[in-house]
Amino acid sequence: MRQGAGPHLRRNLTVLAVVSVVYLVVAMFVTNSYYQLILTLVPVWALFGVSWNILSGYGGQLSFGHASFFGIGAYTVTLSVIYWGLSPWLGIPLGMVIGGLAAIAIGFPTFRLRGHYFALSMLAYPLAILYVMQYLGFQEVSMPMQRENGFRFMEFSEPRIYTLLAVLLLVGGVVVSLIIENSRFGLALLAIRQNELAAEAAGINARLWKMRSLVVSGMLGAVAGGFYARVLLVVTPDSVFGMLVSAQAVVVTLFGGVASVWGPVIGAAILVPLAETLQAELGTYLPGIQGVVYGIAIIAIMLLSPDGLFWTVRDRLFRREAPRGVSDVGPAAEPAALPPPTRRASAPAAGPLLQVEGLSRAFGGLRAVSEVSFSVTEGEILGIIGPNGAGKTTLFNVLNGVLTADEGAARLDGQAMLGRKTFEVCRMGVGRTFQVVRSFPRLPVLDNVIVGAYGAGLSDREAIAEAVRALHQVGLHDRSGVAAGQLTNKQLRLMELARALAGNPRLLLLDETLAGLGREECDDVLGVLARVRAQGVTICIIEHTMHAMMRLADRFVVLDHGRVLATGLPRVVVEDTSVIEAYLGKKWLARRDA
Amino acid sequence: MDLEILIENVLNAVTAGITIGCIYGLMCIGLGLIFGIMRIVNFAQGELLMLGMFASFYLVSEGRVLSFLGPYWGPFIGAMCAAPLLFSGGALLHKFLISRVSGLRTVGSLDEGHFGQLVVTLGISLILQNGGQILFGSTPVAVRTPLSSEAFLIGPLYHGATVFLNKAKLVAFFVAILAAVVLYVTLEYTRLGKALRAAADNPTAATYMGIDVDRAYRIAFGLGCGITAVAGGLMATYISFTPFVGFDYVIIMYSGVVLGGMGSIFGAFWGGVTVGFVQQFSALILPPQLQNAAIFVVFLMIVLLRPQGLFGRSAERA
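This is a predicted model, so every value here is computed, not measured.

How each quantity is defined
- Residues numbered from 1 in each chain as written.
- Chains lettered and ligands numbered in written order.
- Predicted model: local features only at pLDDT ≥ 70, side-chain atom pairs only at ≥ 80, totals over all residues.
- Helix = DSSP H or I, 4+ residues; strand = E, 2+ residues; numbered from the N terminus.
- Buried ≥ 20, exposed ≤ 12 C-beta atoms within 10 Å, placed from the backbone.
- Contact = placed C-beta atoms within 7 Å.
- Rg over C-alpha atoms; globule rule 2.2 N^0.38 Å.
- Axes fitted to C-alpha atoms, helices over the stretch in contact; angles between N-to-C directions.
- Left-handed = near helix turned anticlockwise from the far one by under 90°.
- Nonpolar A, V, L, I, M, F, W, Y, C, P; charged D, E, K, R; others polar.
- Pairing = 2+ DSSP bridges.
- Parallel < 35°, antiparallel > 145°, perpendicular 65-115°, else oblique.
- pLDDT = per-residue confidence, 0-100.
- Domains from an automatic or database assignment.
- Expected span 1.5 Å × (residues − 1).

## Here we look at the overall build of chain A
A tally of helices and strands in chain A yields 24 helices and 12 strands. If you line up chain A on its principal axes, its C-alpha atoms span 100 × 50 × 45 Å. For chain A, with 594 residues in total, the buried portion stands at 55%. Considering only intrachain contacts with a sequence separation of at least 6, the fraction spanning at least 24 residues in chain A is 75%.

Written as structure tokens, this is what we have:
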């Protein structure tokens, strides 16, 4: 569980219990069969919204094709009754399994895509299935009646039992969602949504977490669809695979509050009765009024409170700078009682810690990094300098797996680094910061840093302890409850450093950590770096500020046009004529010599 | 004997592929223009196509505003008249809805506002589709022209094969080419075109150069709507349609735009032509119900196998 999860979970579970009981008690007094149906449909659509929210709300992978899973559940339940006489009590779990498998089949190719492309491709799946279903002749399939043994086939003459079952299913879905939200699963998804590359560089396997969220989401979606088929008795491709079904999940969740457990529930509770009632009252004169209402609802909510009702109301009521998706974070505990950091067993290095040989990377005709070789010994601070466009950042990107190398090798303590994914390089013990800070702006500072600790594979308790320690190490512990988006540039740089440190790295790749800092701020950060080094972390740092580099670095590697121009002690390198030429130009050199 | 039928079918698929493909091409330009200039994926583009069809329908068949032009000229003039109507509609949509979640407002925000844009255009799509059902009803209609049941016969050619050229599709084909050329000239050679391309390239810089980016986007969005509406009006002469017709074409449009390389406006045209070909040839081997499914599969393959044409990670700086 994440930090602060206990009380948060307890409070939410209490609310869940109270709300469900009240809802059921109210439902018991409703006798009109149409209203009973609406009361059953509200939890069904809420559950479908919960399913969508796990993938698209927390994880930010916008899906417009969630009807795939809903429809798969519905058809599995219906067809298994018809062909195998399988009871829906087993059909719904079977639908879950098939929904989960479909999620793997869909996710495997589709997660190669991001943003727009992901959203659009997801749209194509239910539509393709819809046409196939029509082709196979399943235009309209009805659930056979089983008057003899109704209970066995989940068939009840008392409609309120369906409401009870729907509420129970929704409670299950909400509990799953709560568990995700309060565990490293949820934190990984929130981090991926806010900055996928940063999450990868902090050791999070983004692809795996996204796949997990899709599978959970697909399974819950199939449950909603399967139960829906049981309640409505008739399944058509349009009613379960159609666009309006996918839209329903998006609409209830966005309206109620995205990335909140309660969002889909609130959204469904308001919109489903509204749309159904309008459809019943006006449907004959105004067919399609339901779709119009949904359309207006999401546009209005997007323009007026883009995060949904839950967050807006909460912010109004509690007027505090609450970071979304996270419970309050108290000031981090003093790490005094914590055991000293457990450094990765650093065997007495026989060779250099990092050894780079003949590394090259081209973009089309431009050789951004060309046959670069250098080495870094354990405990050293290596400064990488060079004019703009010299290939410094590309070098880091190749080393930590953001880009692939064209040729060459890089070894960390003898182990090959190239060919690994970014998160794998991180887990080898390589921390990374970025030229433009990549934070998770809506998460509090402590959670930002915990992502790095989770990335290193630490348990929940260790991760929190390591994160607190890392924050103390960089001197940001008093800001740990603040959302990262509110930090100053220097604090962001330090937070990014703490995130890298929380994974207990052996090697840090720092990309212009001092960029944009004033003289005094610069001195502070240099002090932090010196302390980090004193604890035995090896550092490669890219930097332009020469006076700072002269104080900090043990050795320089100078890059120009992708090649290593010079290597050696700072004093020596800055006197090197080829280096001066690269930085200041031939004219300057000629004038100096004259 | 079988060979003759095959040759005839293939030749007819080729001609139908070219004529329908160019009309699809025009339709795709509309979406490609909006994406290329504003970087917005407009979910409601299929509904704009539908509105183009109904605009033409009401001008020509139902409302008879243009009935004095006769059944031969009327439908095609009607299709062209859909452009200014939908241009204004699009510009208004942009002014009141789209501009609030796009453009300079969202530069540098969490995901450049993509989430909001997709959701707002989804909302517009739902309103237009279902609102269309309320306004226009759900009985299929068509713009009547005698040309749609007439054809030029070419042949007999090789092995007695005859090619049928539907006259309505042929005229629609020429109008589509004309519209595409006019748009090309406008974008390439006029001041307006330059402003649009500048706004597409770098909205912030364009603002500093004195270009009213918001206005440029509004015009681009309007143009995108208008162009797709013309394509809709043209298609209305040879298919029957309901307010839900947009859905069948929205994936065709996305396939064309992605195939042409997202961001390239005239690449979208060639993408549309290609999709038209795929559709006509799939008709040779697949049962009719699966033709749309085939297009979805092609779409997924394009998106998955041709990532280099797509923006995203490669352009991202770490």
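Here the narrative resumes.
## Topic: the overall build of chain B
Broken down by element type, chain B carries 11 helices and 2 strands. Order of helices (α) and strands (β) in chain B, N terminus to C terminus: α-α-α-α-β-β-α-α-α-α-α-α-α. Taken over the C-alpha trace, chain B has a radius of gyration of 20 Å; the compact-globule value for 318 residues is 20 Å, and the two agree within 12%. Counting only residues that meet the buried cut, chain B has 53% of its 318 residues in that class. Long-range contacts, defined here as pairs at least 24 residues apart, represent 75% of the contacts in chain B between residues at least 6 apart.

## With respect to the packing of helix α1 (residues 2–38) of chain B against helix α5 (residues 167–189) of chain B
All names here are of chain B. Put simply, α1 and α5 touch, their axes get as near as 8 Å, and they point 35° apart. Crossing handedness for the pair α1 and α5: left-handed. Here α1 contributes T19, I20, C22, I23, G25, L26 and I29 to the contact with α5, which in turn contributes K169, L170, A172, F173, A176, I177, A179, A180 and L183. Among the residues forming the contact of α1 with α5, the class breakdown is 13 nonpolar, 2 polar and 1 charged.

## Observations regarding the sheet that holds strand β7 (residues 415–416) of chain A
All names here are of chain A. Spatially, β4-β3-β6-β7 is the arrangement adopted by the 4 strands of the open sheet, whose pairing is antiparallel. The open sheet terminates on both sides in strands that have one partner only, identified here as β4 (366–376) and β7. Of the strand pairs in this sheet, strand β3 (residues 354–363) and β4 are connected by 7 bridges, and their pairing is antiparallel. Bridged to V356 within β4 is F374.

## Details of the packing of helix α18 (residues 460–474) of chain A against helix α19 (residues 489–502) of chain A
Residues and elements named next belong to chain A. Running from N to C, α18 and α19 point in directions that differ by 135°, and their axes come no closer than 9 Å. The angle between α18 and α19 places the two elements in the oblique class. The element α18 and its partner α19 pack so that their crossing is right-handed. In this structure, α18 uses E466, A467, A470, L471, Q473 and V474 to contact α19, whose residues at the interface are L494, L497, A498, L501 and A502.

## Some thoughts on the interface of chain B and chain A
Between chain B and chain A, the contact holds 40 residues from the first and 41 residues from the second. If you list the elements that add at least two residues to the side of chain B that touches chain A, you get α4 (114–136), α9 (246–259) and α11 (288–305) of chain B. For the side of chain B that touches chain A, the leading source of residues is α4(B), giving 16 residues. The residue makeup of the side of chain B that touches chain A, split by class, is 27 nonpolar, 11 polar and 2 charged.

## With respect to the confidence of the model for chain A
Residue and element names in this part refer to chain A. For chain A, mean pLDDT is 87; residues scoring 70 or higher make up 94% of the total. Mean pLDDT values over the elements of chain A span from 73, in helix α24 (residues 586–593), up to 95, in helix α9 (residues 206–232). In this model, residues 321–347 is a region of pLDDT below 50 whose contacts with residues beyond four sequence positions or in other chains number 50 contacts.

## Here we look at the sheet that holds strand β12 (residues 563–568) of chain A
Residue and element names in this part refer to chain A. Reading across the sheet, the 6 strands line up as β8-β9-β10-β5-β11-β12 and stay open at both edges, with mixed pairing between neighbours. On the outer flanks of this sheet lie β8 (430–432) and β12, each paired with one strand and no other. This sheet shows a mean twist of 20° between the axes of neighbouring strands, independent of strand direction. Pairing between strand β5 (residues 381–385) and strand β11 (residues 555–560): 4 bridges, direction parallel. Within the sheet, the bridge partner assigned to I384 lies in β11 and is V557.

## Quick notes on the domain arrangement of chain A
Residues and elements named next belong to chain A. The domain architecture assigned to chain A consists of domain 1 (5–240) and domain 2 (349–593). Each of domain 1 and domain 2 has a C-alpha centre, and the two are 44 Å apart. Taken together, the contacts link 16 residues of domain 1 with 22 residues of domain 2. At the level of secondary structure, the elements contributing two or more residues to the side of domain 1 that touches domain 2 comprise α7 (184–194) and α8 (196–201). Sorting elements by how many residues they give to the side of domain 1 that touches domain 2 places α7 first, with 6 residues.

## Considerations on the environment of A:T513
Residue and element names in this part refer to chain A. For T513, the position within the fold is in the loop between β9 (507–511) and α20 (519–534). According to the C-beta neighbour criterion, T513 is buried, with 26 such atoms within 10 Å. For the pair formed by T513 and V437, sequence separation is 76 residues and the distance between their alpha carbons is 8.7 Å. Leaving out residues up to four positions away in the same chain, T513 has contacts with T433, R493, L497, V525 and I541.

## What about α9(B)?
Here α9(B) is 14 residues long and its end C-alpha atoms lie 20 Å apart, about the 20 Å a rise of 1.5 Å per residue gives. By the criterion of burial, α9(B) is predominantly enclosed, with 12 of the 14 residues buried. Where α9(B) is buried, its residues touch α5 (115–135) of chain A together with α1, α2 (45–62), α4, α10 (265–285) and α11 of chain B. Taken from the residues just after α9(B), B:G261 is the one with a positive phi, measuring 90°.

## Thoughts on the confidence of the model for chain B
One rule of thumb: low pLDDT means the predicted coordinates there are not for detailed reading. All names here are of chain B. Across chain B, the average pLDDT comes to 84, with 94% of residues at or above 70. Averaged pLDDT values over the elements of chain B bottom out at 76 in α11 and peak at 93 in helix α8 (residues 213–235). Overall fold confidence for the complex sits at a pTM of 0.87, while the interface term, ipTM, reaches 0.86.

## Quick look at unusual backbone geometry
All names here are of chain A. In this structure, D413 takes a positive phi of about 50° despite not being glycine. If you trace the backbone, D413 turns up in the loop between β6 (407–412) and β7. Residue D413 is classed as buried on the basis of its 20 C-beta neighbours within 10 Å. Unlike most non-glycine residues, N504 shows phi in positive territory, near 50°. As for its position among the elements, N504 is in the loop between α19 and β9.

## Some thoughts on the environment of B:F43
All names here are of chain B. By the element assignment, F43 lies in the loop between α1 and α2. A tally of 23 C-beta atoms within 10 Å means that F43 is categorised as buried. The spacing of F43 and Y254 is 211 residues in sequence and 9.6 Å in space, taken between C-alpha atoms. When sequence neighbours within four positions are dropped, the list of residues in contact with F43 reads L118, T121, L122 and S125.

## Re the environment of A:N397
Residue and element names in this part refer to chain A. Examined against the element boundaries, N397 turns out to sit in helix α15 (residues 392–399). Take N397: there are 26 C-beta atoms within 10 Å of it, and that puts it in the buried class. Each C-alpha atom, one on N397 and one on F434, is 9.7 Å from the other, the two residues being 37 residues apart in sequence.

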